[in-house]
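In case you want the letters, here they are:
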Amino acid sequence: MKRLFALACMALLCGCHGNGKETSDKATIYVATDMHYLDKSLYDNGEMFANLLAINDGKLIERGEEILEAFGEIVLDEKPDVLLVPGDLTFNGEMVSLHRLKREFDRIQSQGVQVLVIPGNHDIAYAHACSYLGDELKHVQNIGQQDFRQEMEEYGLRQALSVDEASFSYVYQVNETLWLMMLDANTEQVKGSLCEETLSWMEEQLKKARKEHVQVIGCSHQNVLVHNRMMMQGFVMGNHEKVAALLKKYGVSLHLSGHSHLQHTAIDGNLMDICTESMAVWPLRYGVLQVEGKEMRYEKKDLGIFGEEAYERFRQTVERGKASTFAQRDISPEVEEQMMEYAIQVNAAYYTGDEEGVASLKNDKRLGLWESQVSDSFFYLYMQEIFRDR
């Protein structure tokens, strides 16, 4: 089954585009999404920051500076043609965090790597932009839509073939036969969806690409295809069906996204949506897309730092989420421990795109414990959806 899935993926990614002519054009595109960077001036080791770490969803917030610097060095060493940063650049939309990212993007771009960004749902007009110093939580300046446009125009808009006036959407020409269509679904006016003006602009650009026999790869923060039926609300674009229909109508076979903090590929007809994991969550990952003519290959790569620390944060997050499932249930501590360990392993395999790991856990006897003890729970149904998805 895995071999069939791999062949299906390759068939989609290697399908004909434009007029079907061969091209030797090559491009290397790195994808670093959901950085959730929090500037180090906004937190310390005090009570308020400790409280934040105790309830956050697995992000290695306190290592943000080291993660940013380590990834920057990888990019400068390997020199891809393009670095895509598709949203949730900042932790919660802090202007000072965006300023620090701008300095890093300037450093990367000055060495010949084109940086392309779009905002995520945490970046524009986010109400929870705060500092965490001592025992105080204070609101700090957040990022408005025009602020983002002004601060980030060097990373896509200024080099674009076409810019959408209603959003931060634009088209960037990678080479003579390849365009990247960056789609912004996080404006102040329409949150989580592409507005009608952007949809019209999008179709105009896709018509132009088809006329010029150019291959288009789409990119957005939110997913355009459903990756998990129990993780739909807020994860896919509100009008994702319209967006996906447009992409399919004009022969776009690959779309890149983030937002779900999940390494996963969804397929609908001839359209594939590859969701890259959050760089702030174990195992601290980015994606590498190699394009050569009509052939495209995607692989996931780990930063290779803070592995144990990041995994422990991930584990704690899963444990905290599952603990409510066991509350007020008559389950022995020994059985509860087995069920919890199983849930952690399933989540770890699923979120990192480990298909073999998911397959091996599907027939694990500990799934029977979940079925016999809490078959009516969200997390049992969620795991069943993971196995069905494979």
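About the criteria used
- Residues numbered from 1 in each chain as written.
- Predicted model: local features only at pLDDT ≥ 70, side-chain atom pairs only at ≥ 80, totals over all residues.
- Heavy atoms only, no water.
- 1 Å grid on protein atoms, 1.4 Å probe; cavity = no way out; pocket = protein on both sides within 12 Å on 5 of 7 lines; lining within 4 Å.
- Points joined across faces, edges and corners; volume = space filled by probe spheres on them.
- Helix = DSSP H or I, 4+ residues; strand = E, 2+ residues; numbered from the N terminus.
- Nonpolar A, V, L, I, M, F, W, Y, C, P; charged D, E, K, R; others polar.
- Contact = heavy atoms within 4.5 Å.
- Phe/Tyr/Trp six-rings, centres within 6.5 Å; stacked < 30°, edge-to-face > 60°.
- Buried < 20%, exposed > 50% of the residue type's maximum accessible area, 1.4 Å probe, protein only.
- Axes fitted to C-alpha atoms, helices over the stretch in contact; angles between N-to-C directions.
- Parallel < 35°, antiparallel > 145°, perpendicular 65-115°, else oblique.
- Left-handed = near helix turned anticlockwise from the far one by under 90°.

K.L.:
Can you help me understand the layout of surface pockets in this one?
P.N.:
Regions of empty space are outlined by a rolling probe, equal in size to a water molecule, passed over the atoms. Each pocket or cavity is described by its volume, and for the second largest pocket that value is around 670 Å³. For the second largest pocket, the lining is made up of 32 residues, of which Asp57, Phe235, Ser260, Thr317 and Tyr351 are closest to its centre. For the lining of the second largest pocket, the secondary structure elements donating two or more residues are α8 (307-326), α9 (333-351) and α12 (378-389). Looking at the lining of the second largest pocket element by element, the count peaks at five residues for α8. Taken together, the residues of the lining of the second largest pocket sort by class into 13 nonpolar, 14 polar and five charged.

K.L.:
Whenever I open this one, the environment of Leu262 confuses me. Can you help?
P.N.:
Within the secondary structure, Leu262 sits in the loop between β10 (254-257) and β11 (264-268). With 15 residues separating them along the chain, Leu262 and Glu277 place their C-alpha atoms 4.6 Å apart. In contact with Leu262, other than residues within four places in its own chain, are His227, Cys275, Thr276, Glu277, Tyr350 and Tyr351.

K.L.:
What should I look at first to understand the packing of aromatic side chains in this one?
P.N.:
Centre-to-centre distance and the angle between the planes together describe a pair of aromatic rings. What the rule picks out here adds up to 17 aromatic pairs. Centroid distance Trp282 to Phe314: 5.2 Å. Interplanar angle 45 degrees. Geometry classified as tilted. Highlighted residues: Trp282 in the loop between β12 (271-275) and β13 (285-292) and Phe314 in helix α8, separated in sequence by 32 residues. The exposure classification of Trp282 matches that of Phe314, with both residues buried. Here a set of aromatic residues connected by ring pairs shows up, and it is made of Trp282, Tyr311, Phe314, Tyr350, Tyr351, Phe378, Phe379 and Tyr382.

K.L.:
Honestly, the packing of α9 against helix α10 (residues 355-362) in this entry has me stumped. Any pointers?
P.N.:
The axes of two packed helices give the description: the angle between them and the distance between them. Closest axis-to-axis distance for the α9/α10 pair is 8 Å, and the angle between their directions is 150 degrees. Taken together, the axis directions place α9 and α10 in an arrangement best described as roughly antiparallel. Crossing hand, α9 versus α10: left-handed. Between α9 and α10, the contacting residues are Tyr342, Gln345, Val346, Ala349 and Tyr350 on the first element and Gly357, Val358, Leu361 and Lys362 on the second. In terms of residue class, the contact of α9 with α10 is made up of six nonpolar, two polar and one charged.

K.L.:
Help me understand the environment of Glu312 in this model?
P.N.:
Relative to the elements of secondary structure, Glu312 occurs in helix α8. On the basis of relative accessibility, which here comes to 38%, the residue Glu312 falls in the partly exposed class. Residues Glu312 and Ser324, spaced 12 residues apart in sequence, show a C-alpha to C-alpha distance of 19 Å.

K.L.:
It is not clear to me how empty space enclosed by the protein should be interpreted in this structure. Could you clarify?
P.N.:
Under the defined criterion, the tally for this structure stands at one cavity of 30 Å³ or more. Each pocket or cavity is described by its volume, and for the largest cavity that value is around 110 Å³. Every residue along the wall of the largest cavity is listed here: Met35, His36, Tyr37, Leu60, Ile61, Gly64, Ile67, Leu68, Phe71, Leu101, Met279 and Ala280. By residue number, the principal contributor to the lining of the largest cavity is helix α3 (residues 64-78), which donates four residues. Here the lining of the largest cavity is composed, by residue class, of 10 nonpolar, two polar and no charged.

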